[in-house]
Amino acid sequence: MPRLSSIEIRKQYLHFSAAHFTIFSATERERLHGHNWRLGVEITGEIDANGLCFDYAIYKKILKDLCHQYDEYTLIADHSPYLQISEDEEFYFVTHNHRTQPLLKTDTLLLPVKNITIEELANYFLKLLTDDRERLEELKIYRFEVRVSSGPDQWGIARWDRLAEANDV
Ligand SMILES: Nc1nc2c(c(=O)[nH]1)N=C([C@H](O)[C@H](O)COP(=O)(O)OP(=O)(O)OP(=O)(O)O)CN2
């Protein structure tokens, strides 16, 4: 069995400011508001003969770029069972419980998630970060945990485990 170690990256600069609303039901949601969302990972890899796992600087850059990509947007759940979304050239028209709000397309991102919650965002970012299985293999990464926070000391967590996935086939 290879020697494994986990590397946790939860740098303060791994954050992005974005607006959202959490949808609780077909008739209840929050008003549009914003958070400084934080992103953190814990990556478990094989320690090589040189006493080194993968170079974590690789993921610090990837995470920084990810935060930049979502910074200063309104995030809308494109797969919500309770939203209807239409658009014209300039706006998305987002309807919940028969009330529609126009959002400038230049300032809005539609994400392939069911809700803009810490748990959905953690799973979404986990998929983005682990979709390239060959890269994970190349870097000898065995487990990947992503944490997303909407406020201090509360995190949504999503995990990928190579061995568990292999046993699932
Ligand atoms: N399961 C979930 N429940 C809720 C989520 C979520 O993502 N998953 N999100 C919300 C709201 O977005 C709410 O705005 C979250 O912010 P809040 O918890 O209020 O954050 P604060 O840092 O302001 O928390 P305080 O405890 O007030 O400091 C609600 N539910």
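Residues numbered from 1 in each chain as written. Predicted model: local features only at pLDDT ≥ 70, side-chain atom pairs only at ≥ 80, totals over all residues. Heavy atoms only, no water.

Per an unreviewed UniProt entry, the chain is named 6-carboxy-5,6,7,8-tetrahydropterin synthase, and its organism is Arenicella xantha. What the UniProt record of the chain gives under Catalytic activity (unreviewed entry) is the line "7,8-dihydroneopterin 3'-triphosphate + H2O = 6-carboxy-5,6,7,8-tetrahydropterin + triphosphate + acetaldehyde + 2 H(+)". Taken verbatim from the UniProt record of the chain, the Cofactor (unreviewed entry) comment is "Zn(2+)". (UniProt positions renumbered as here; feature names shortened; annotations may be inferred.)

Chemist: Quick rundown of the overall build of the chain? Include the residues and the values.
Modeler: Within the chain, the regular secondary structure consists of four helices and 10 strands. Here the C-alpha coordinates of the chain stretch approximately 60 × 35 × 30 Å along the principal axes. A burial count over the chain gives 40% of its 169 residues as buried. Within the chain, contacts between residues separated by at least 24 positions form 64% of all contacts whose residues are at least 6 apart in sequence. Each charge class in the chain was averaged separately, 20 positive and 28 negative side chains, and the resulting centres sit 5 Å apart. (Helix = DSSP H or I, 4+ residues; strand = E, 2+ residues; numbered from the N terminus. Buried < 20%, exposed > 50% of the residue type's maximum accessible area, 1.4 Å probe, protein only. Contact = heavy atoms within 4.5 Å. Lys, Arg positive; Asp, Glu negative; His and termini not counted. Charge placed at Lys NZ, Arg CZ, Asp CG, Glu CD.)

Chemist: Quick rundown of the site of the ligand? Include the residues and the values.
Modeler: Taken together, the neighbourhood of the ligand is formed by H20, T22, E30, H33, H35, T117, I118, E119, S150, G151, P152 and Q154. H35 places a polar side-chain atom, nitrogen or oxygen, 3.3 Å from an oxygen atom of the ligand. Between the ligand and I118, the relevant distance is 2.9 Å, taken from an oxygen atom to a main-chain nitrogen or oxygen of the residue. Computed on the free molecule, the ligand has an accessible area of 620 Å², of which 50% lies beneath the protein chains in the complex. At the level of elements, strand 3 (33-46), helix 2 (118-130) and strand 9 (141-151) are the ones that each hand at least two residues to the shell around the ligand. Split into classes, the residues belonging to the shell around the ligand amount to two nonpolar, eight polar and two charged. (Near = heavy atom within 4 Å. Polar contact = N/O pair within 3.5 Å; in protein donor to acceptor, adjacent residues only side chain to side chain. Areas by Shrake-Rupley, 256 points an atom, 1.4 Å probe, with all protein chains shown as cover. Nonpolar A, V, L, I, M, F, W, Y, C, P; charged D, E, K, R; others polar.)

Chemist: Break down the sheet that holds strand 6 (residues 91-96) for me, citing the residues and quoting the values.
Modeler: The antiparallel open sheet is built from three strands, whose spatial order is 5-6-7. The sheet terminates laterally at strand 5 (84-87) and strand 7 (99-104), the two strands that pair on one side only. Strand-to-strand, the axes of this sheet are offset by a mean angle of 25°, without reference to chain direction. Strand direction decides the pairing type here: strand 5 and strand 6, joined by four bridges, are antiparallel. Counterpart to I85 in the pairing with strand 6 is V94. (Pairing = 2+ DSSP bridges. Axes fitted to C-alpha atoms, helices over the stretch in contact; angles between N-to-C directions.)

Chemist: Quick one: what's the story with the confidence of the model for the chain, residue by residue and with numbers?
Modeler: Per-residue confidence for the chain averages 96 on the pLDDT scale, and 99% of its residues sit at or above 70. Two numbers describe this predicted complex: its pTM, 0.94, and its ipTM, 0.92. (pLDDT = per-residue confidence, 0-100.)

Chemist: For the pairing of strand 4 (residues 73-77), give the residues involved together with the corresponding values.
Modeler: When you tally the buried positions in strand 4, you get four out of five residues, the bulk of the element. Pairing of strand 2 (residues 15-20) with strand 4, which is carried by two bridges, proceeds in the parallel orientation. Looking across to strand 4, one finds that A19 is bridged to T74. For strand 4 and strand 8 (residues 108-111), the ladder comprises four bridges, and the chain directions are parallel. Residue pairing in the sheet places A77 in a bridge with L111 of strand 8.

Chemist: Could you give an account of unusual backbone geometry, with specific residues and numbers?
Modeler: Phi at N97 takes a positive value of approximately 50°, unusual for a residue other than glycine. For N97, the location among the structural elements is in the loop between strand 6 and strand 7. Of note, H98 is a non-glycine position whose phi angle comes to about 70°, a positive value.

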